[in-house]
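Residue-level structural notes
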Amino acid sequence: MAYPGYGGYGGPMQGMPMGGGPMGGGPMGGPPQAAYPQYGGGYPGTFAAPPQQPVNDPMWGYFTAIAGQDGEIDAEELQQCLTQSGISGTYAPFSLETCRIMIAMLDRDMTGKLGFTEFKELFAALNGWKQNFMMFDQDRSGTVEPHEMSQSINAMGYRISPQALNAVIKRYSKGGRIYFDDYVACAVKLRALTDNFRRRDQMQQGSVSFQYDDFIQCTMSI
């Protein structure tokens, strides 16, 4: 059952192509379909006896050129990797803080790093978010206005109250505009917090009970 905050989560905007990149993933930067069973399995995050990797995949080249011997990348390496990949296009490169929360969103083994599978999942989400952002940044200024941010969040499938929407916009706007880096940071946090909430809302009723320590872990880790 869909309810506020989850209705059509990650659903595509009308007229918006799905994907937008070489990899698959959830539409509009949302999680892959049947996300929680997949999430529950976790990822090894190492190159020790790895599955065969597509050596002709350009992402594999970007990743292996930067990943350390442990076969994972940290926030600084992720920033470098994304910059070299050109995912930001004409927009400013991602900040280190945004890269940190990107890792936190997918770091299921809590190493503070991403393996290649997680990196590809992130890249697919970034492609969706970028497409969504560009739909509203029609003058290619690298920013959107608050009312466009509201429409963008709605297009990603989130159904949140005007009060919550206003809080989001205040948090991520600068001088009355939302820049691409802040937009992605917002999208990452919305997805991560929604995932954390949904995992605990097994009946999908739109409400959960948190222990204080659990709440702190869910919010402070992103």
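From a predicted model like this one, the values you see are computed outputs, not experimental measurements. (Residues numbered from 1 in each chain as written. Predicted model: local features only at pLDDT ≥ 70, side-chain atom pairs only at ≥ 80, totals over all residues. Heavy atoms only, no water.)

**Some details on the UniProt feature "domain: EF-hand" (unreviewed entry) in the protein chain**
Cut-off, in case you're wondering: UniProt positions are given in the numbering used here, feature names are shortened, and annotations may be inferred rather than shown by experiment. Segments assigned H or I by DSSP are reported as helices when at least four residues long, segments assigned E as strands when at least two residues long, and all are numbered from the N terminus.
Taking the UniProt record as the reference, the feature "domain: EF-hand" (unreviewed entry) is found at residues 94-129 and 133-159. For the annotated span residues 133-159, helix accounts for 52% and strand for 7% of the residues, and the straight-line distance between the end C-alpha atoms is 18 Å.

**Some remarks on the pattern of salt bridges**
What counts, and what does not: By definition, a salt bridge exists where a carboxyl oxygen of Asp or Glu is found within 4 Å of a side-chain nitrogen of Lys or Arg.
Scanning the model with the defined rule gives eight salt bridges in all. Notably, a salt bridge pairs Arg177 with Glu145, separated by 2.9 Å at the nearest N-O pair. Separated by 32 residues along the polypeptide, Arg177 in the loop between α7 (162-172) and β2 (178-179) and Glu145 in the loop between β1 (143-144) and α6 (146-155) bring together distant segments of the chain. One continuous salt-bridge network, built from bridges that share partners, spans Arg108, Glu121, Arg191 and Asp195.

**Things to note about the packing of aromatic side chains**
Here is the rule: Stacked, tilted and edge-to-face are the three classes applied to pairs of Phe, Tyr and Trp rings, where Trp contributes its six-membered ring and a pair requires centres within 6.5 Å; stacked means planes under 30 degrees apart, edge-to-face means over 60, and tilted covers the rest. A 1.4 Å probe rolled over the protein chains alone gives each residue an accessible area, and that area as a share of the maximum for its type sets the label: buried under 20%, exposed over 50%, partly exposed in between.
Applying the stated criterion across every chain, the model contains eleven aromatic pairs. For the pair Tyr91 and Phe133, a centre-to-centre distance of 5.2 Å together with 85 degrees between the ring planes defines the contact as edge-to-face. In this pair, Tyr91 sits in the loop between α3 (75-85) and α4 (96-106) while Phe133 sits in helix α5 (residues 116-136), placing the two residues 42 residues apart along the sequence. With respect to class, Tyr91 is no different from Phe133; both count as buried. Pairing Phe133 with Tyr183 gives two aromatic rings, centres 5.0 Å apart and planes at 55 degrees, and the pair type is tilted. Of this pair, Phe133 sits in helix α5 while Tyr183 sits in helix α8 (residues 180-200), and the two are 50 residues apart along the sequence. Pair check on accessibility: Phe133 and Tyr183 agree, each one buried.

**Overview of helix α2 (residues 58-66)**
What counts here: The arc refers to the directions leading from the helix axis to the C-beta atoms. Whether two residues are in contact is decided by their heavy atoms: any pair within 4.5 Å suffices.
The complete set of buried residues in α2 reads Met59, Trp60, Phe63 and Ile66. Along the axis of α2, the buried residues cluster in a sector spanning 145 degrees; they form a single face. Against the buried residues of α2 lie α3 and α5.

**Topic: the side chain of Glu121**
Stated precisely, the cut-off is as follows: Side-chain atoms alone can form a polar contact between residues adjacent in sequence; in general such a contact is a pair of N or O atoms within 3.5 Å, and within protein one must be able to donate a hydrogen while the other accepts it.
Inspection of the secondary structure assignment puts Glu121 in helix α5. Within polar-contact distance, the side chain of Glu121 engages the side chain of Arg108 at 3.0 Å.

**A look at the packing of α3 against α4**
Our working rule: All axes are obtained by fitting lines to C-alpha atoms, using only the stretch in contact for helices, and the reported angles, taken between N-to-C directions, cover 0 to 180 degrees. In what follows, roughly perpendicular refers to angles from 65 to 115 degrees, roughly parallel to angles under 35, roughly antiparallel to angles over 145, and oblique to any angle outside these ranges. Residue classes follow a fixed rule: Ala, Val, Leu, Ile, Met, Phe, Trp, Tyr, Cys and Pro count as nonpolar, while Asp, Glu, Lys and Arg count as charged, and any other residue, Gly among them, counts as polar.
The contact between α3 and α4 brings their axes to 8 Å, and the two run at 105 degrees. Taken together, the axis directions place α3 and α4 in an arrangement best described as roughly perpendicular. Contacts from Ala75, Glu76, Leu78, Gln79 and Leu82 of α3 reach α4 at Leu96, Cys99, Arg100, Met102 and Ile103. Across the contact of α3 with α4, the residue classes tally to seven nonpolar, one polar and two charged.

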